[in-house]
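Survey of secondary and tertiary structure
Below are the chains, spelled out letter by letter.
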Amino acid sequence: MLEFGLQNLAASHPLPVSAPHAGGTDPQRRALLDPAKLLATLWRGRWLVLACGVACAAAAFLGARQLPARYTAEAILVVEMDRLMPELQGAVSKDSAQDPLPRVRTEVQVLRSPALMQTIIRERGLDRLPEFNPALRPPGVADRLLAFAQPLATALGLGQPVTERERDQRVLARALDALAITHDNRSLAIVVNFTARDAELAAQVANDVVRHYLDDKLNERARTNREAYAALTRRAAEVRADVDELERRVRETRVRESLIELRAGSVGQQQVEELAIALARVQANRAQVDSDFERASSLAAAGRVTELASVVGAQTISALRAREVEAARNAAEMGSRFGRGHPDFRRVELELAAIRAEIMLEARRVVASLGAQADSVRRHEAELLRRLGEAREVATESGSRRAELEELQKEADARRLLYNSLLERAERTAVEPGPLHQLHPGARIVSAAVAPGVPSSPRPVLTGAVGFAGGLAMGGLLALVGGRRSFARVEDLQERIGISALAAMPRAAAGGLAEAVAQRRNGPEAEALRLLRNGLRLAGRGGARVVLFVAATKGEGASGMAASYARLAALDGIETLLLEGDLRQPSLAALLGASDGRNLVRILEGRIGWRDAVGKDPASPLHVLLGDQPQEASYRLLDRHQLQNLLRDAAEEYRLIVLDAPAIAAAPDALLLARHADAVCLVVAAGATGEAAVRDAVDRLRLASTAQVAAVLNRAG
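Residues numbered from 1 in each chain as written. Predicted model: local features only at pLDDT ≥ 70, side-chain atom pairs only at ≥ 80, totals over all residues. Heavy atoms only, no water.

Pairing between side chains of opposite charge can happen when their charged atoms approach one another. Scanning the entire structure with this criterion turns up 27 salt bridges. Between glutamate 131 and arginine 70 there is a salt bridge whose closest N-O contact spans 3.5 Å. One end of the pair, glutamate 131, is in the loop between α7 (114-124) and α8 (141-155); the other, arginine 70, is in the loop between α3 (46-66) and β1 (71-79), with 61 residues separating them in the sequence. Note on glutamate 131: relative accessible area 12%, which makes it buried. Residue arginine 70 is classed as partly exposed on the basis of its relative accessible area of 25%. With a closest N to O distance of 2.9 Å, aspartate 572 and arginine 533 form a salt bridge. Separated by 39 residues along the polypeptide, aspartate 572 in the loop between α19 (558-571) and β9 (576-580) and arginine 533 in helix α18 (residues 524-539) bring together distant segments of the chain. Aspartate 572 gets classed as partly exposed once you look at its relative accessible area, which sits at 29%. Linked through salt bridges whose partners overlap, the residues forming this network are Arg521, Glu527, Arg530, Arg533 and Asp572. (Salt bridge = Lys/Arg side-chain N within 4 Å of Asp/Glu carboxyl O. Helix = DSSP H or I, 4+ residues; strand = E, 2+ residues; numbered from the N terminus. Buried < 20%, exposed > 50% of the residue type's maximum accessible area, 1.4 Å probe, protein only.)

Structural data, given as structure tokens:
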């Protein structure tokens, strides 16, 4: 079935192309997450939102007025940590209670215990009140229906009478529901609330909960105190036996291994230290002696007696050297006075030679003495090294025994500390506790519950306000959900978007829309396309010679629609050029089965002329300029002046130019191509594309171009 509708559209003011939007494959989700779009959607559904708010507020207010009044009594107790774990009055260490909040939370759970509430139910007779025992309430409509069906259910074996145990469980459940134990996780205070229709009863039950809790704590503390004393006594005896045994083993080890302790450490350690110090001294002395011996030997061999005397500090050599100088002076005087042949001169020369011989003899003796001293020092060093090695072996052997002894001593000391600690705790628990009032339960009442004078519920005004807020939220949700509605008819597009819907394209056969047009030139698809062509001529400027086909999202059939539209126009005798604008994902060649004309990228790059690159559709006289490989930089290619020149020149030779573009949500290329179009055909998939996505696409197209924007509903029916 074909549908056609034309409307007068408001002329759009020329505006610059908007900046490319960020990526995203779901324009409906993007539109709803955009604050501006979100507010716009809510504003359009403002009456629905307001109606839902008022209706929910009225229902909540009237419903609250019908409920019976209930009173909540409050009692407050505080946990005292210095007595909460009173070392079991000496049995438990305070160090284990550094963080009080876990213990307080435990006490909250104790106050909520069913056993405690069971005791209060028996004392106060809550099971005899219809408020807590549903079996005592007057039968309502639901109860009458159940009673009417009870014989049939019993006959069929489907229903069983309520037992006394089940009734007690129901009473307990309702009483626990009325009890609220709260803690703010910051302080040590615990708030006990109980809600009932009778204010006095609510206060009594809240106080009973606190009273029974404190009584149970006192009884438990007394029992624990007695058990702790017995346990501490047994444990102290065991630890004392361990201490005695460890001390005995320490004494035996000292005697067996002869481990004598001095102030500076063990005997072996002291010997090693003394030998190491003596060895260091001997080694330093040996180095000095070796140095003196080597230098004295070299000086003696060179005959440098004067330097030798200064090195070794030999006074004898110094005295002989002085005599030598005196004798040499006398010989010089005798020689000059009497001549070298005079007897006195020869006597002095003999004396000088004797002195020099004595000096050399004394030098050799000194060198020999230094050598003997060096040998003695080396022997002493070797002896000390031997004794140090033996002392270290002995110290190593005694070290392992000493380590064992130290471990025994440490364990004995630790056990002794534990024993003393146990004795201290036992002393504090040695006296049997007296009456219970002398003990402290670890908590105290800060504020007892009193009968409230104002009901805690229901609160009609507050309930109505909450209902109003909930109604607004529900109305807003309905408004937003309505923004995601799809389109089933062309009238939906016109009414909800305010755009001309020119045709409804039926769903094509398996071969696709382009193949259906080629095989059935008078089929429903071809007629719908002719209807669309006539509508675009009327809606577009200048007779709509340049028509752009685009979709809001991927997969709506915009490329197939453009190929079919161009092929049918060529078959109808209109000179038509099909130009592929989706260079990111070229698909027209596959849709048409065309093998040539796939040089559009080279044309836009300025490498070839467009007339030489035009290809032909194998099924019609249609001329095509198609893409080949996907181009990541397609926006820059389409933004060149070559595209504008191509369209200007082609408009002189062709009556119709059809442009294909990628989805608006996928890339900004479509907005760039829209500037060159006389008419823009927005392809909307029936039952698939949401209202928010279509509205967003129309707004962006009107911002990008002054061309008239119309729509076609694809895959309708």
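What follows deals with the environment of glutamate 247. Its location among the elements puts glutamate 247 in helix α10 (residues 199-257). Note: C-alpha distance between glutamate 247 and leucine 408 (161 residues apart in sequence) is 8.0 Å.

Quick look at helix α9 (residues 164-178) now. Since the α-helix packs 3.6 residues into each turn, any two residues three or four apart lie on the same face. End to end, α9 covers 21 Å across 15 residues, agreeing with the expected 21 Å (1.5 Å per residue, within 8%). Residues of α9 that are buried include every one of Val171, Leu172, Ala175 and Ala178, and no others. Looking straight down α9, one finds its buried side chains confined to an arc of 120°; they lie on one side. Away from the buried face of α9 by more than 90 degrees, exposed residues Arg165 and Asp177 are located. (Expected span 1.5 Å × (residues − 1). Arc of directions from axis to C-beta.)

Turning next to the sheet that holds strand β11 (residues 623-625). Across the sheet, eight strands lie side by side as β7-β14-β13-β8-β12-β9-β11-β10; this open sheet has mixed pairing. Edge strands, defined here as strands with exactly one partner in the open sheet, are β7 (500-506) and β10 (615-616). In this structure, strand β13 (residues 679-685) lies alongside strand β14 (residues 708-716), joined through seven bridges in parallel fashion. Note that in β14 the partner of valine 680 across the bridge is valine 709. Running at roughly 165° to strand β12 (residues 656-660), α19 makes contact with β7, β8 (546-551), β9, β12, β13 and β14 of the sheet. (Pairing = 2+ DSSP bridges. Contact = heavy atoms within 4.5 Å. Axes fitted to C-alpha atoms, helices over the stretch in contact; angles between N-to-C directions.)

A few words now on the packing of aromatic side chains. The relation between two aromatic rings is expressed through the spacing of the ring centres and the mutual angle of the planes. Following the criterion strictly, the structure yields three aromatic pairs and no others. Taking the centre distance of 5.0 Å and the plane angle of 55° together, the rings of phenylalanine 549 and tyrosine 565 count as tilted. Pair noted here: phenylalanine 549 is in strand β8 and tyrosine 565 is in helix α19, with a separation of 16 residues, a long-range link. Given the relative accessible area of 0%, phenylalanine 549 is considered buried. (Phe/Tyr/Trp six-rings, centres within 6.5 Å; stacked < 30°, edge-to-face > 60°.)

Once that is clear, we can look at the sheet that holds strand β6 (residues 443-447). An order of β2-β3-β1-β6 is seen for the four strands of this open sheet, with the pairing classed as antiparallel. Strands with a single pairing partner mark the edges of an open sheet, and in this sheet they are β2 (179-182) and β6. Going from strand to strand, the sheet's axes swing by 25° on average, the running direction of each strand aside. On the sheet, helix α6 (residues 101-111) packs against β1, β2 and β3 (189-196) and is oriented at approximately 20° with respect to β3.

The next thing to look at is the environment of leucine 350. Mapped onto the secondary structure, leucine 350 falls in helix α14 (residues 343-428). As for leucine 350 and alanine 327, which are separated by 23 residues in sequence, their C-alpha atoms are 9.6 Å apart.

All right, on to the packing of α18 against α19 then. Between α18 and α19, the least distance of the axes is 10 Å, while the angle of their chain directions is 85°. With respect to α19, the element α18 is oriented roughly perpendicular. Across the interface between the two elements, Ala526, Leu529, Arg530, Leu532, Arg533 and Leu536 from α18 touch Met561, Ser564, Tyr565, Leu568 and Ala569 from α19. In terms of residue class, the contact of α18 with α19 is made up of eight nonpolar, one polar and two charged. (Parallel < 35°, antiparallel > 145°, perpendicular 65-115°, else oblique. Nonpolar A, V, L, I, M, F, W, Y, C, P; charged D, E, K, R; others polar.)

Bringing the pairing of β8 into the picture now. Burial analysis of β8 places six of its six residues in the buried class, which makes it a mostly covered element. Here β8 shows two buried faces, one formed by Val546, Leu548 and Val550 and the other by Val547, Phe549 and Ala551. Of the pairings in the sheet, the one linking β8 to β12 comprises four bridges and is parallel in character. When the bridges of β12 are listed, phenylalanine 549 appears paired with aspartate 660. In terms of strand pairing, β8 meets β13 through five bridges, oriented parallel. What sits directly across from leucine 548, in β13, is valine 680.

Extensive coverage of β7 is indicated by the burial of seven of its seven residues. Relative to β14, β7 is paired through five bridges, and the arrangement is parallel. Looking at the pairing, proline 506 lines up with alanine 716 of β14.

Turning next to unusual backbone geometry. The peptide bond linking serine 457 to proline 458 adopts the cis configuration, its omega dihedral lying at -5°. Considering the arrangement of structural elements, one finds proline 458 in the loop between β6 and α15 (460-482).

The next subject is the confidence of the model for the chain. Mean pLDDT over the chain stands at 78; residues scoring 70 or higher make up 79%. Across residues 83-97 the pLDDT falls below 50, and counting only partners more than four positions away or on other chains, this stretch makes 33 contacts in the model. Below pLDDT 50 for its whole length, residues 431-437 participates in six contacts with residues either more than four positions away or in separate chains. (pLDDT = per-residue confidence, 0-100.)

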